[in-house]
Amino acid sequence: DGEFENLYMLSSSSGSTGVPYLWPRGSFQEVEGARFVELFYKYMFDMDKKSTLYVVSFGMGTWIAGTFMTAVTEIISRKGYPILVITPGLEKDLLINLIKQVQDDFDQVLIIGYPPFVKDIIDSGDNLGIDWSKLNLKLMFAAEGFSEQWRDYIHKKIGSNNPLKTSTNIYGTADSAIMGMETPLSILLRRVLLKKDKINDFFGDNRQPTVVQYDPTQRFFEKIGNELVFTANSGIPLIRYNLHDNGDIITYEKVKTTLEENGISIKKALNKYDSKDFDWKLPFLYLFGRSNFMVNFYGLGIFPEHIKAGLEDIRVSNLLSGKFNMKTDTDRRHNQKLLINIELQRETEPNKNIEKLILESILKHLKDLNSEFNKLYKELGPKKATPILHLFNYGNEQFKIGAKHEWIKKT
């Protein structure tokens with residue numbers, strides 16, 4: 001109705017696809033978010049029983065992730081959960097120093113943030129003497145997807161041997177807050193399909209999509225064409241609202257049948273990883289993100305996930321911060337080139353050996369994941385089709401900390 005009397009907060013979208021837009025919300029949306037998130041705090045992280053230092057490393061200010069998660073966690077803490085929230089946001093050095101000060105005073109530490117930034121926190125903490133394995137560290141991510149190989153890298157860094165219950169990824173937007181979340185069951189599905197080499201068979205694409213479960217009484221999803229649309233009682237009511245996320249809806253029964261066909265009993269698998277409370281009969285959805293988040297190279301699409309896979313390979317991941325951007329350009333002869341700028345890990349200096357190792361990894365995964373590129377590579381030959389890498393020291397200005405890293409270089 002155009003009135004703001006039941007709303008109290010404005011959050012800005014990231015502006016990834018254009019000019020940032022302001023989205024209002026009120027207490028209804030935050031209570032609704034708390035209702036869903038509490039299930040994870042209680043059954044995934046045992047936060048009703050364990051004293052928890054809750055560290056918000058999302059950007060604060062006008063972005064939704066930090067302010068919204070702080071608000072919903074305050075609501076949950078009022079029910080008696082032993083949570084203390086601290087909000088250093090994107091101040092990484094401050095965040096690490098705060099953890100060092102109080103790390104012995106809590107049963108566990110939960111860090112929420114953007115995946116590349118949380119990786120940076122963990123890598124930097126290693127260099128500053130934090131033993132993450134002693135902190136019983138838990139993680140919540142949002143704003144972008146990542147691979148199971150990346151999850152394994154992070155879990156190994158923090159000393160976790162539970163791939164289903166240590167971390168979760170939120171599917172959310174400034175437009176409508178939390179829309180769905182990874183559960184142990186959705187993570188299990190993705191890991192089984194990856195292990196059985198059936199990602200493409202199930203999802204119709206070699207990229208690993210984000211897979212979440214959602215509550216259809218809060219966010220009602222439909223598929224139109226290849227895109228997901230949803231209806232929700234947000235601060236601005238949204239009816240069949242289209243974020244242009246490519247994906248599809250999956251029923252619980254299809255997930256159960258797929259796992260059984262691959263020799264997996266949901267009950268036994270969840271019990272093995274202390275996740276028996278997560279056999280939820282909620283629907284699933286998977287998404288690859290927006291089709292305009294890619295570069296065109298000789299007429300075919302190169303997605304960030306194709307490059308991420310190469311950079312997350314165990315042979316090179318410890319050399320890199322995880323941030324990169326890419327674009328296509330032309331040389332003096334008007335031949336198109338795929339250019340990839342990559343940020344190295346702290347204390348790592350660019351050299352030809354490292355560049356060669358990274359390029360080999362990128363090419364291997366790019367050819368494995370993108371059959372069109374593989375064909376192009378054979379037709380054009382290595383000289384024309386091989387990406388050109390530029391390696392940068394940690395902290396280069398183009399990789400400066402922000403609300404959401406831009407994988408596609410626009411200029």
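Residues numbered from 1 in each chain as written. Predicted model: local features only at pLDDT ≥ 70, side-chain atom pairs only at ≥ 80, totals over all residues. Heavy atoms only, no water.

> Quick question: what am I supposed to make of the overall build of the protein here?
Looking only at helices and strands, the protein has 13 helices and 18 strands in total. Compactness check: the protein gives a C-alpha radius of gyration of 21 Å against a globular reference of 22 Å for 411 residues, within 12% of the reference. The principal-axis extents of the C-alpha atoms in the protein amount to approximately 65 × 50 × 50 Å. Buried residues in the protein amount to 54% of all 411 residues. Restricting the contact set of the protein to residue pairs at least 6 apart, pairs at least 24 apart contribute 72%. (Helix = DSSP H or I, 4+ residues; strand = E, 2+ residues; numbered from the N terminus. Rg over C-alpha atoms; globule rule 2.2 N^0.38 Å. Buried < 20%, exposed > 50% of the residue type's maximum accessible area, 1.4 Å probe, protein only. Contact = heavy atoms within 4.5 Å.)

> I tried to follow the sheet that holds strand 17 (residues 336–344) on my own but got confused; where do I start?
Hydrogen bonds along the backbone pair up the strands of a sheet, which may run parallel or antiparallel. Strands sit in the order 16-17-18 across an open sheet of 3 strands; the sheet is mixed. Edge positions in the sheet fall to strand 16 (320–330) and strand 18 (388–392), since each has one partner strand and no second. Ignoring which end each strand starts from, the neighbouring axes of this sheet average 20° apart. Judged from the 5 bridges that link them, strand 17 and strand 18 form a sheet pairing that is parallel. (Pairing = 2+ DSSP bridges. Axes fitted to C-alpha atoms, helices over the stretch in contact; angles between N-to-C directions.)

> I keep staring at the packing of aromatic side chains and nothing clicks. Help me out?
In this description, an aromatic ring pair is defined by two values, namely the gap between the centres and the angle between the planes. Under the criterion given, the structure shown has 20 aromatic pairs. Seen from their ring centres, Phe-36 and Phe-40 are 5.5 Å apart, and the 80° between their planes marks the pair as edge-to-face. Within this pair, Phe-36 and its partner Phe-40 are both found in helix 1 (residues 27–43), separated by 4 residues, close to a single helical turn. Summarising the burial analysis for this pair, Phe-36 and Phe-40 share the class buried. When the centroid spacing of 6.1 Å and the interplanar angle of 65° are considered together, the rings of Phe-392 and Phe-399 count as edge-to-face. Judged by its relative accessible area of 2%, Phe-399 falls in the buried class. (Phe/Tyr/Trp six-rings, centres within 6.5 Å; stacked < 30°, edge-to-face > 60°.)

> Would you mind going over the packing of helix 6 (residues 184–195) against helix 8 (residues 252–261) with me for this structure?
For any two helices packed against each other, one specifies the crossing angle of their axes together with the interaxial distance. In the contact formed by helix 6 and helix 8, the axes pass within 11 Å of each other and the chain directions differ by 40°. Overall, the two elements helix 6 and helix 8 adopt an arrangement that is oblique. Helix 8 is crossed by helix 6, and the crossing has left-handed handedness. For the pair formed by helix 6 and helix 8, the contact residues are Leu-185, Leu-188, Leu-189, Val-192 and Leu-193 on the first element and Tyr-252, Val-255, Thr-258 and Leu-259 on the second. Grouping the constituent residues of the contact of helix 6 with helix 8 by class yields 8 nonpolar, 1 polar and no charged. (Parallel < 35°, antiparallel > 145°, perpendicular 65-115°, else oblique. Left-handed = near helix turned anticlockwise from the far one by under 90°. Nonpolar A, V, L, I, M, F, W, Y, C, P; charged D, E, K, R; others polar.)

> I'm lost on the confidence of the model for the protein in this one. Help?
Caution applies to low-pLDDT parts of the model: their predicted coordinates are not meant to be read in detail. For the protein, mean pLDDT is 90; residues scoring 70 or higher make up 95% of the total. Model confidence for the protein, summarised as mean pLDDT per element, is weakest for strand 15 (residues 300–302) at 80 and strongest for helix 8 at 98. (pLDDT = per-residue confidence, 0-100.)

> It is not clear to me how the pairing of strand 10 (residues 220–224) should be interpreted in this structure. Could you clarify?
Successive residues of a regular strand alternate their side chains across the two faces of the sheet. Relative to strand 11 (residues 227–232), strand 10 is paired through 5 bridges, and the arrangement is antiparallel. By the bridge assignment for strand 11, Phe-221 is matched with Phe-230. What sits between strand 10 and strand 11 in their antiparallel hairpin is a turn of 2 residues, with Gly-225 showing a positive phi close to 65°.

> Teacher, can you tell me more about unusual backbone geometry here?
Glycine aside, a negative phi is what most residues show, and trans is what most peptide bonds show. If you check the backbone angles, His-244 has positive phi at about 65° while not being a glycine. Along the chain, His-244 turns up in strand 12 (residues 238–250). Note on His-244: relative accessible area 42%, which makes it partly exposed. Even without being a glycine, Asp-274 presents a positive backbone phi close to 55°. Of note, Asp-274 is situated in the loop between helix 9 (266–272) and strand 13 (284–290).

> Help me out: how do you make sense of the pattern of salt bridges in this one?
A side chain with one charge can pair with a side chain of the opposite charge if their charged atoms come near. Applying the stated rule across the entire model yields 26 salt bridges. Of the charged contacts in the structure, one is a salt bridge between Glu-30 and Arg-25, with a shortest N-O distance of 3.0 Å. Residue Glu-30 is classed as buried on the basis of its relative accessible area, which comes to 5%. Here Asp-248 and Lys-223 are joined by a salt bridge, their closest N and O atoms 3.3 Å apart. (Salt bridge = Lys/Arg side-chain N within 4 Å of Asp/Glu carboxyl O.)

> I'm lost on the side chain of Thr-210 in this one. Help?
Summarising the element assignment, Thr-210 is placed in strand 9 (residues 210–213). The contact partners of Thr-210, leaving out residues within four places of it in the chain, are Gly-145, Asn-169, Arg-190, Leu-285, Tyr-286 and Leu-287.

> Would you take a moment to explain a positive patch on the surface for this structure?
On the surface, Lys-195, Lys-196, Lys-198 and Lys-272 cluster together into a patch of positive charge. Among the secondary structure elements, Lys-195 is positioned in helix 6. (Patch = residues over 30% accessible without salt bridge, like charges linked within 9 Å, V, L, I, M, F, W, Y side chains within 5 Å. Areas by Shrake-Rupley, 256 points an atom, 1.4 Å probe, with all protein chains shown as cover. Lys, Arg positive; Asp, Glu negative; His and termini not counted. Charge placed at Lys NZ, Arg CZ, Asp CG, Glu CD.)

> Explanation requested: helix 8 in the structure shown.
Structural remark: α-helix, 3.6 residues per turn; residues separated by three or four positions point the same way. The set of residues buried in helix 8 consists of Tyr-252, Val-255, Thr-258 and Leu-259. End-on view of helix 8: buried residues confined to an arc of 130°, all on one side of the axis. Backbone geometry just downstream of helix 8 places Gly-263 in the positive-phi region, at approximately 80°. (Arc of directions from axis to C-beta.)

> Looking at this structure, I do not really get the side chain of Ser-11. What am I missing?
Considering the arrangement of structural elements, one finds Ser-11 in strand 1 (residues 9–12). Take Ser-11: its relative accessible area is 1%, and that puts it in the buried class. Side-chain polar atoms of Ser-11 contact the side chain of Arg-25, separated by 2.7 Å. Contact partners of Ser-11, with chain neighbours within four places excluded, come to Tyr-21, Leu-22, Trp-23, Arg-25, Thr-62, Trp-63, Ile-64 and Thr-67. (Polar contact = N/O pair within 3.5 Å; in protein donor to acceptor, adjacent residues only side chain to side chain.)

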